[in-house]
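Here's the letter readout for the chains.
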Amino acid sequence: MTVAEAVKETVSSLAGQTPVTESAERSSTPASAKDVTKPGAPGTRTKALENVEEEGSAPVIWIPVLNKGTSFTLEERKEKRLEGLLPPAVESLQLQADRVLLQLKEDCDTPLQQYELLAQVAASNETLFYKVLIDNITMLAPVVYTPTVGEACQKFDRIYRQALGMYFDHVHYKGRFRQLLDHWPSHNVQIIVVTDGGRILGLGDLGTNGMGIPIGKISLYVSGGGFHPEHSLPAQLDCGTDNEELLKDRFYLGNKVPRLKGEAHMAVVDEFVMAVKDKWPDCLIQFEDFQTDQAFKILEAYRDKVLCFNDDIQGTGAVVTSGFINGMKAQGTPIAEARVVFYGAGSSAVGVASMIALLLQQEGGTSKEEAFKNIYMVDSKGLVTTSRGDELPEHKQVVARRDDVPNIKDLKEIIAHVKPHALIGLTGAGPSFDKDVVEEMCKHVERPLIFPLSNPTSKAEITAEHAYEWSGGKAIFASGSPFDPYKYQGKVLEPGQANNVFIFPGVGFGAVMVKSRTIQDEMLIAAAKGLADYVSPEDIKKGKIYPDLGELRDISAVVATAVGEEAFRLGLAGIPKPQDLGKFIRSRMWLPGQPKFDPAKSNMQYENGTAGVEE
Ligand SMILES: O=C([O-])CC(=O)C(=O)O
Ligand SMILES: [Mg+2]
């Protein structure tokens, strides 16, 4: 006798009735106890009951994007056949959120435990997850995102409970990616963050463990940018891994094959991009944490063809450009005169340098060559020059110095030679700005910009404490991972967070809402300026050059509007121009507990005279 039959027999004997029919029992009795998956356990995105499978729909409490859990009213429980599937209390979303907050505070000893708890909530009830995240973004961004997400990626295969996104596995499914996309339950995906795990933060090749990054970025696209969760998709390209430890790890979840290189790698990326464009032509693809060479190749291949950008090259480029604009204001240095030393010459460093050079071009009316004259890149061999005798990869050739600079290797000596206004660390290598380096910076500029941007915290080039102590409290400090405020001689100094989280949610939302065909660097400069203007002149004078993360939603609305405006200016937007673009953007930002935006119910006015009709 199967479990289902046993249950039926018990039910009918208790009720003194003939056995209930299959259809009459379908919302209460599992066909097989083995098949029943509790909400939040693996497999809930799909079907868990045999009879449900036949009918093609699972109870709504098992679909994370639709589940409201104990918030379903008695009427809804009746209508959706949920009676008996929930405890009696009908709770508000706020009360549900209070419970999660209590659990986060009282039941979790470490940020990683909080990460795991939140992942569990996300896997069963996305509305609740986003309510908690949005209302507590300052406290929880460091949990779902940098720096805790770094640890979560390192341990992804150990703490794994839920897929939470899609995996494009080249070993088993190459040639079938388009078909795989049809398995994703949402029919309208507007934003995808994709990685191949090749260079996760400053932690190197983490293979499929890198999936934590798309999941974390997507949670900020929704909480910070305003996308509806149903319109978002975290994606992992499994291209193998060269990480020896993972290859030996019995829990590792990816294919244990060497990482694809060159054309074979590009073929997998290409199949993915083409599949997405075929299924969701207006969807934005954000490339994330690919190895430097591949990151540039991928960006060059698609930047003018499809709606996409690379967050490490362009997102980081824009966020640092924003801090640079405000930092120069705080210093009183005209932008066109500012000299910048980059410690590191990977994708992010070259991305930031190129973005700052574009700003210098725009502001100073200079040529590209002229703009690059104020930029000095340093890699493991010292100053990057065309004359130092090694063969430079393409991305370094753009930023290599062509003039007659000496071949210096030591960072302190380079600073003594260049006398920079800003020192930007993007090595991914950990502490490297020592006391001598900071003191040398201070010899030439009253308030030097010191930006240790490598993530997570352990990879930062210098801590806030050291930067403030060694500069006598003078440094204008911003880091990629958050640092706590620091008390220097009785004065509380607030480190800024120069993380692309201030840029990507707004850039993505703005570009998608105006249906931009592509994303151009001018749009990222517009984002950088929008972010820079968000900070008040009084704060800038005090050395506070970035806003607070607590304002992320409002910041993203401002960034999205600036990006949308620029898309219209460049002739890339695919909708008529709304009379009030800011209002248009804000009206579309989703909040938990609210229905999806319905264009039919909107009465937006457009510059071309149309009204009401939107998409
Ligand atoms: O994820 C972050 O915090 C910023 C980023 O893109 C990186 O470090 O690769
Ligand atoms: Mg990144």
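Just so we're clear, the structure is a prediction, and the values are computed from it rather than from any experiment.

**Structural notes on the coordination of the magnesium ion (ligand 2)**
- Taken together, the protein ligands of the magnesium ion (ligand 2) are Glu 288 (OE), Asp 289 (OD) and Asp 312 (OD), with distances of 2.0 to 2.1 Å.
- The sequence pattern describing where the donors of the magnesium ion (ligand 2) fall on their chain is E-D-x22-D. Linking Asp 289 in the loop between strand E4 (284–287) and helix H15 (292–302) with Asp 312 in helix H16 (residues 311–331), this pair joins segments that are 23 residues apart in sequence. An identical accessibility class is assigned to Asp 289 and Asp 312; each is buried.

**A closer look at the sheet that holds strand E3 (residues 232–238)**
- Spatial ordering of the open sheet is given by E1-E3-E2-E4-E5, a layout of five strands whose pairing is parallel. Where the open sheet ends on each side, the last strands, each with one partner, are strand E1 (166–169) and strand E5 (308–310). For this sheet, the mean angle separating the axes of adjacent strands, direction not counted, is 20 degrees.
- When strand E2 (residues 191–195) meets E3, the two strands line up parallel, connected through five bridges. Note on E3: the bridge partner recorded for Val 194 is Ala 235.
- Packing of helix H14 (residues 262–279) onto the sheet brings it into contact with E1, E2, E3 and E4, and relative to E4 it is tilted by some 155 degrees.

**Notes on the sheet that holds strand E6 (residues 340–343)**
- The strand order E8-E7-E6-E9-E10-E11-E14 describes an open sheet built from seven strands, whose pairing is mixed. The strands lining the two open edges of the sheet, one partner per strand, are strand E8 (382–383) and strand E14 (496–497).
- Its contacts with the sheet place helix H20 (residues 411–418) against E6, strand E7 (375–379), E8 and strand E9 (422–425), and it is angled at close to 165 degrees to E6.

**What about the site of ligand 1?**
- Around ligand 1, the structure places Tyr 145, Thr 146, Arg 199, Leu 201, Lys 217, Glu 288, Asp 289, Asp 311, Asp 312, Asn 455, Asn 499 and Asn 500.
- A distance of 3.3 Å separates an oxygen atom of ligand 1 from a polar atom in the side chain of Tyr 145.
- With respect to ligand 1, the side chain of Asn 455 contributes an N or O atom lying 2.8 Å from an oxygen atom.
- Here ligand 1 has 270 Å² of accessible area as a free molecule, and 94% of this is covered by the chains.
- Looking at side-chain class alone, the shell around ligand 1 contains two nonpolar, four polar and six charged residues.

What counts, and where the lines are drawn
Residues numbered from 1 in each chain as written. Chains lettered and ligands numbered in written order. Predicted model: local features only at pLDDT ≥ 70, side-chain atom pairs only at ≥ 80, totals over all residues. Heavy atoms only, no water. Donors = N, O, S within 2.8 Å, 3.2 Å for Na, K, Ca; no water. Helix = DSSP H or I, 4+ residues; strand = E, 2+ residues; numbered from the N terminus. Buried < 20%, exposed > 50% of the residue type's maximum accessible area, 1.4 Å probe, protein only. Pairing = 2+ DSSP bridges. Axes fitted to C-alpha atoms, helices over the stretch in contact; angles between N-to-C directions. Contact = heavy atoms within 4.5 Å. Near = heavy atom within 4 Å. Polar contact = N/O pair within 3.5 Å; in protein donor to acceptor, adjacent residues only side chain to side chain. Areas by Shrake-Rupley, 256 points an atom, 1.4 Å probe, with all protein chains shown as cover. Nonpolar A, V, L, I, M, F, W, Y, C, P; charged D, E, K, R; others polar.

Purely geometric stuff here, so don't read any function into it on its own.
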